[in-house]
Amino acid sequence: MNSWKKKLGKSLSDNKVVILFAILCILAIAVADKPLTFVAGELFTRIGRNSFIVLALIIPVLAGLGLNFGITIGAMAAQIAIFCVVYWGFTGIGGFLLALLIATPLATLFGMLIGIVFNKMKGAEMIGGMVLGYFADGLYQVLFLFIIGGVIPVNNPELIIAGGVGVKNTIDLKDNLKYALDNISLLTMVEIAFYAVVAVTVLSLLIRLITKKQVNWKKSLGVLGGALIAYALTFIPFIEAFLNQNGILLLSAVELAVAGTVLYQLGRIVWMKFIKKSEKFNWKRSVAAIIAAGILYALTFIPAIEEVLLYVTLPAMTYLCIIGLCIFNSVLMKTRLGQNMRTVGQNRTVANSAGINVNRTRIIAMVLSTVLASWGQLISLQNLGTFSTYGAHSQVGQFAIAALLVGGASVQKATNKQAIVGVILFHTLFIIAPQAGQALFSSAMLGEYFRVFVAYGVIAVSLAMHAWKTIAKPKLQVAGKSPAPGEAAKAMEE
């Protein structure tokens, strides 16, 4: 009984920030008295728009670089790329991919420079990132206000200020990049996946044949056959009609997720329990997951929930990119590079002793984060459909970091789950706070002030707690309470 109480108490203590913001969101929704369809529609739009850039913050946290305020520099790389693409007249997904190709090397270069600077200021990366962000913003302003048009001749009245020097304050993406990614249909995605699988498999076979390595024909032909069957199914009329849409209904997404979970867990049970006969396999977890999926599906029949699920449409490709980044973060942490990042984040001295190149690992973490941030900014701007030339990047870092912290992350620890939960809670409060302020005080501005206060407040509290722990830890070590070598090694393994 005491053990159960301790676990409950620890769970409540660990998730106190999430619980507090969840209560605030529920109260604000109740006070605002807005339809759930309105809240859900706005919320899922913002999740698609901002989740990618929040997830880009996780890698630096695990590598011990803290909250990366330097992601604004990655956002600037994306904005430079978008300006080039709009000026050259590229549109649609082709223009978006070209922006991606331009932004990636720029962000890689910026990330390397940030990483090199951070290696010179170990222990002060967060304040360093903030200062670097302001410094880079100055250079960015010079580029867009003076160099473009002033030094580099640019003749485009729609983009350049009257007089020929400097870029206009706002660039409209309506006729070129707006919804370039969001409007990709599931059918297009299946076709791309099919051709990608065929190309990779054939290329792999050719390389093995040329290098005279052993070829697993059974496996290769099985992959090609499976891809061909999946592609052939798209020619069935009702499947083609379902896939040939720009978005997917939230209800359909839930049904697909439930079906996928049930099939995956059943497959695991059959494979692990009856074919592999693994004694370590915990079948109860799989059964619990199937029951949870069943309960989730049953909830979709409640009228209020069903109305929301039928109201919201998700941009399929954008959400797949978010899921892909979650998988990438998880897989990366299981690789040698990910383990090195984790070790460097926990203890640089131990990492050095283990033969890890600490500086190189930190630079790689910054490069990855900056590149992912630039991609996140591209996703965000194509969804917004307009581009504030001098301000689109200004608060990207603060809002992304605030969302991550609201999800329960800290300066030392962050996960995909915390990032997604944080985005949901933070943006729910952002959507509903002005409405609640209007209902309570007849002034929407009070709600605006409150949500800005929340954004900066959580960052300030988190940094203060980190500073307190940083100061308190050396004192404990001086008092003879430093961890034993065995404990440090155990921490590494964890």
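Summarised in this report is the structure supplied together with it. Owing to the predicted nature of the structure, the values given are computational and were not obtained by experimental measurement.

**Topic: the overall build of the protein**
If you tally the helices and strands in the protein, you get 21 helices and four strands. Whereas a compact globule of 494 residues would reach a radius of gyration of roughly 23 Å, the protein reaches 25 Å, a difference of no more than 12%. Overall, the C-alpha framework of the protein stretches about 75 × 70 × 65 Å when taken along its three principal axes. Taken across its 494 residues, the protein has 40% of its residues classed as buried. Contacts spanning at least 24 positions in sequence make up 75% of the contacts within the protein whose residues lie at least 6 apart. Surface summary for the protein: the accessible area is close to 27000 Å², and the carbon and sulfur share equals 68%.

**A few points about a nonpolar patch on the surface**
A contiguous nonpolar patch, built from V142, L145, F146, V151, I152, I161 and V165 and spanning about 590 Å² of accessible area, is present on the exposed surface. Inspection of the secondary structure assignment puts F146 in helix α7 (residues 125-150).

**A short note on the packing of aromatic side chains**
Here the structure, examined in full by the defined rule, presents eleven aromatic pairs. Relative to Y231, the ring of F194 has its centre 4.3 Å away and its plane inclined at 5 degrees; by these criteria the two rings are stacked. Pair noted here: F194 is in helix α8 (residues 186-210) and Y231 is in helix α9 (residues 217-233), with a separation of 37 residues, a long-range link. Cluster of aromatic residues (ring-pair linked, three or more members): F83, Y87, Y140 and F144. It is K34 that lies over the ring of F38; its NZ or CZ is 5.8 Å from the centre.

**A word on helix α3 (residues 36-55)**
Taking 1.5 Å as the rise per residue, α3 with 20 residues should run 28 Å; its terminal C-alpha atoms sit 26 Å apart, in good agreement. Of all bends in α3, the biggest is about 35 degrees, found at R49. Among the 20 residues of α3, 15 are classified as buried, and the element is accordingly described as predominantly covered.

**Some details on the side chain of T318**
Tracing the backbone through its elements, the reader meets T318 in helix α14 (residues 316-334). Residue classification places T318 among the buried residues on the basis of a relative accessible area of 1%. In this structure T318 touches G48, L181, D182, I379 and Q382, once residues within four positions along its chain are discounted.

**Comments concerning the environment of E255**
You can see E255 is positioned in helix α11 (residues 250-275). Linking E255 and Y297, residues 42 residues apart in sequence, is a C-alpha distance of 7.0 Å.

About the thresholds
Residues numbered from 1 in each chain as written. Predicted model: local features only at pLDDT ≥ 70, side-chain atom pairs only at ≥ 80, totals over all residues. Heavy atoms only, no water. Helix = DSSP H or I, 4+ residues; strand = E, 2+ residues; numbered from the N terminus. Rg over C-alpha atoms; globule rule 2.2 N^0.38 Å. Buried < 20%, exposed > 50% of the residue type's maximum accessible area, 1.4 Å probe, protein only. Contact = heavy atoms within 4.5 Å. Areas by Shrake-Rupley, 256 points an atom, 1.4 Å probe, with all protein chains shown as cover. Patch = residues over 30% accessible without salt bridge, like charges linked within 9 Å, V, L, I, M, F, W, Y side chains within 5 Å. Salt bridge = Lys/Arg side-chain N within 4 Å of Asp/Glu carboxyl O. Phe/Tyr/Trp six-rings, centres within 6.5 Å; stacked < 30°, edge-to-face > 60°. Lys NZ or Arg CZ within 6 Å of the ring centre and 35° of its normal. Expected span 1.5 Å × (residues − 1). Bend = angle between axes of the 7 residues up to and from the residue.

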